[in-house]
Amino acid sequence: MDADKTVTSSSATSEVKSAARVLDVLDDIAANGPGTQLQLATRLGIPKSSLHALLRTMCARGWLDTDQTGSVYRLGVHTLTVSSAYIDGDPVLARASAVMDEIAAATEETVHLGRLEGAEVIYTAKRESKRPLRMYSAVGRRLPAYSTALGRAMLAEMPEDVRGTFVPHQIKAITAQTITNRDALLATIDKAAQLGYAEETEESCLGVRCFGVALPFSHQSVDALSIAVPISRLKKGREDFIIETLLSVKARLSAMRDNRLVR
């Protein structure tokens, strides 16, 4: 048995079943939206009899709430309390806040901060443009790393032989423009490694082009910044200005010795 399988097996064995189910319920509702007890039991593969007491306890503790009928379960206010505490205590978010404000003021475009978790990017902060975009990029949302400038910027910082482990062999398209050819996608990430920044055009949101750079806040790049711009606003010289802004910020942060956060 290889090392990865051994670790996975050991982790699964050491899990506390009831605690795991609580976390599964929270993850499922966050990803798929509210549901009835039957819907949640079906989605999670948990017997209704076991789920009933679990949902009742989570409601009593504020982790879940119900609609007026008491039959549809949704995330409770305590999840907001915990997520707010996470945002307040995260060192990268604190360091990146002023930088995001600076970029947003200079470009007047939408700025995103994202973190790599597994093969996905989680949006951790956002600065809206004065001319807001309709994008699937609310804080807390997830997208495959391979389809976003944020994700590609972080993957490009990894050794070449590691990048491929984050790109599936069967790539699911988010839009009609998403690159679904694995070799072509890996070549795009290789190009980002050479240029120092990543880009994508309409692959995660139609009508929008994104540019991203990894941030030097940890030994392995797991945070990145991006600028999202409607293609209609990318006039002559505009793209170069946005790329230069990101590269300048990346270089400045890399030169600051106290900017590296050990995680």
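Residues numbered from 1 in each chain as written. Predicted model: local features only at pLDDT ≥ 70, side-chain atom pairs only at ≥ 80, totals over all residues. Heavy atoms only, no water.

A. Summary view of the nonpolar core. One finds Ile103, Leu113, Phe211 and Leu225 to be the most contacted residues of the largest nonpolar core, which totals 24 residues. Contributing elements (two or more residues each) for this core: helix 6 (91–107), strand 4 (110–117), strand 8 (208–214), strand 9 (223–230) and helix 10 (238–255). Not counting residues within four places of it along the chain, the set of residues in contact with isoleucine 103 comprises Glu108, Val111, Leu225, Ile227, Thr245, Leu246 and Val249. (Core = buried A, V, L, I, M, F, W, Y, C linked by side-chain atoms within 4.5 Å. Buried < 20%, exposed > 50% of the residue type's maximum accessible area, 1.4 Å probe, protein only. Helix = DSSP H or I, 4+ residues; strand = E, 2+ residues; numbered from the N terminus. Contact = heavy atoms within 4.5 Å.)

B. Inspection of the sheet that holds strand 2 (residues 64–66) at higher detail. Read from one edge of the open sheet, three strands run 1-3-2, paired in antiparallel fashion. Every other strand in the sheet has two partners, leaving strand 1 (35–36) and strand 2 as the edge strands with one partner each. In this sheet, strand 3 (residues 72–75) lies alongside strand 2 in antiparallel orientation, the contact comprising three bridges. Looking at the pairing, threonine 66 lines up with tyrosine 73 of strand 3. Strands in contact with helix 2 (residues 17–32) are strand 2 and strand 3; relative to strand 3, the strand with the most contacts, it is inclined by about 90°. (Pairing = 2+ DSSP bridges. Axes fitted to C-alpha atoms, helices over the stretch in contact; angles between N-to-C directions.)

C. Region of the structure containing empty space enclosed by the protein. For the structure on display, the rule yields one cavity of 30 Å³ or more. Each pocket or cavity is described by its volume, and for the largest cavity that value is around 50 Å³. Along its surface, the largest cavity is lined by ten residues, and Tyr123, Thr148, Glu200, Cys210 and Ser226 are the ones closest to its centre. Here the residues of the lining of the largest cavity sort into five nonpolar, four polar and one charged. (1 Å grid on protein atoms, 1.4 Å probe; cavity = no way out; pocket = protein on both sides within 12 Å on 5 of 7 lines; lining within 4 Å. Points joined across faces, edges and corners; volume = space filled by probe spheres on them. Nonpolar A, V, L, I, M, F, W, Y, C, P; charged D, E, K, R; others polar.)

D. Fine view of the side chain of arginine 182. Among the secondary structure elements, arginine 182 is positioned in helix 9 (residues 182–195). Buried and unpaired, arginine 182 has no salt bridge, with aspartate 183 as the nearest side chain of opposite charge at 5.3 Å. A distance of 2.7 Å separates a polar side-chain atom of arginine 182 from the backbone oxygen of glycine 164. Arginine 182 has contacts with Gly164, Val167, Pro168, His169 and Ile171, leaving out every residue within four places of it along the chain. (Lys, Arg positive; Asp, Glu negative; His and termini not counted. Salt bridge = Lys/Arg side-chain N within 4 Å of Asp/Glu carboxyl O. Polar contact = N/O pair within 3.5 Å; in protein donor to acceptor, adjacent residues only side chain to side chain.)

E. Just a nonpolar patch on the surface, in detail. A contiguous nonpolar surface patch, about 280 Å² in accessible area, is contributed by Tyr86, Ile87 and Val139. Along the chain, tyrosine 86 falls in helix 5 (residues 77–89). (Patch = residues over 30% accessible without salt bridge, like charges linked within 9 Å, V, L, I, M, F, W, Y side chains within 5 Å. Areas by Shrake-Rupley, 256 points an atom, 1.4 Å probe, with all protein chains shown as cover.)

F. Representation of the side chain of threonine 110 within the structure. Within the secondary structure, threonine 110 sits in strand 4. Within the local environment of threonine 110, its side chain forms a polar contact with the backbone nitrogen of serine 129, the two atoms lying 3.3 Å apart.

G. Region of interest: the state of the cysteines. Applying the stated criterion across every chain yields a total of zero disulfides. Cysteine cysteine 205 shares no disulfide, and the gap to the nearest cysteine sulfur, in cysteine 210, comes to 7.5 Å. (Disulfide = S-S within 2.5 Å.)

H. View of the pairing of strand 7 (residues 198–201). The sheet contact formed by strand 7 and strand 8 spans four bridges and is antiparallel. Of the residues in strand 8, the one forming a bridge with alanine 198 is glycine 212. Where strand 7 folds back onto strand 8 in an antiparallel hairpin, the turn is made up of six residues, including glutamate 202, whose phi is positive at roughly 60°.

I. Inspection of the packing of helix 2 against helix 4 (residues 48–60) at higher detail. Interhelical geometry of helix 2 versus helix 4 gives an angle of 70° and a closest axis separation of 11 Å. By the angle between their directions, the pair helix 2 and helix 4 is classed as roughly perpendicular. For the pair helix 2 and helix 4, contact is made by Ser18, Arg21, Val22, Val25 and Leu26 and by Ser50, Leu51, Leu54, Leu55 and Met58, respectively. The class makeup of the residues in the contact of helix 2 with helix 4 is seven nonpolar, two polar and one charged. (Parallel < 35°, antiparallel > 145°, perpendicular 65-115°, else oblique.)

J. Looking closely at the sheet that holds strand 7. The strand order across the open sheet formed by six strands is 6-5-4-9-8-7, and the pairing between neighbours is antiparallel. Two strands bound the open sheet, and with one partner strand each, they are strand 6 (142–144) and strand 7. On average, each strand axis in the sheet is tilted by 30° relative to the strand beside it, whichever way the strands run. Relative to strand 5 (residues 120–127), strand 4 runs antiparallel, the two sharing seven bridges. Looking across to strand 5, one finds that glutamate 117 is bridged to glutamate 120.

K. Quick peek at helix 4. Here helix 4 spans 18 Å end to end across 13 residues, near enough to the 18 Å set by a 1.5 Å rise per residue. When helix 4 is considered as a whole, its buried residues turn out to be Leu51, Leu54, Leu55 and Met58. Buried residues of helix 4, viewed axially, fall in a sector of 100°; they line one side. With respect to the buried face of helix 4, the exposed residues turned more than 90 degrees away are Ser49, Arg56 and Ala60. (Expected span 1.5 Å × (residues − 1). Arc of directions from axis to C-beta.)

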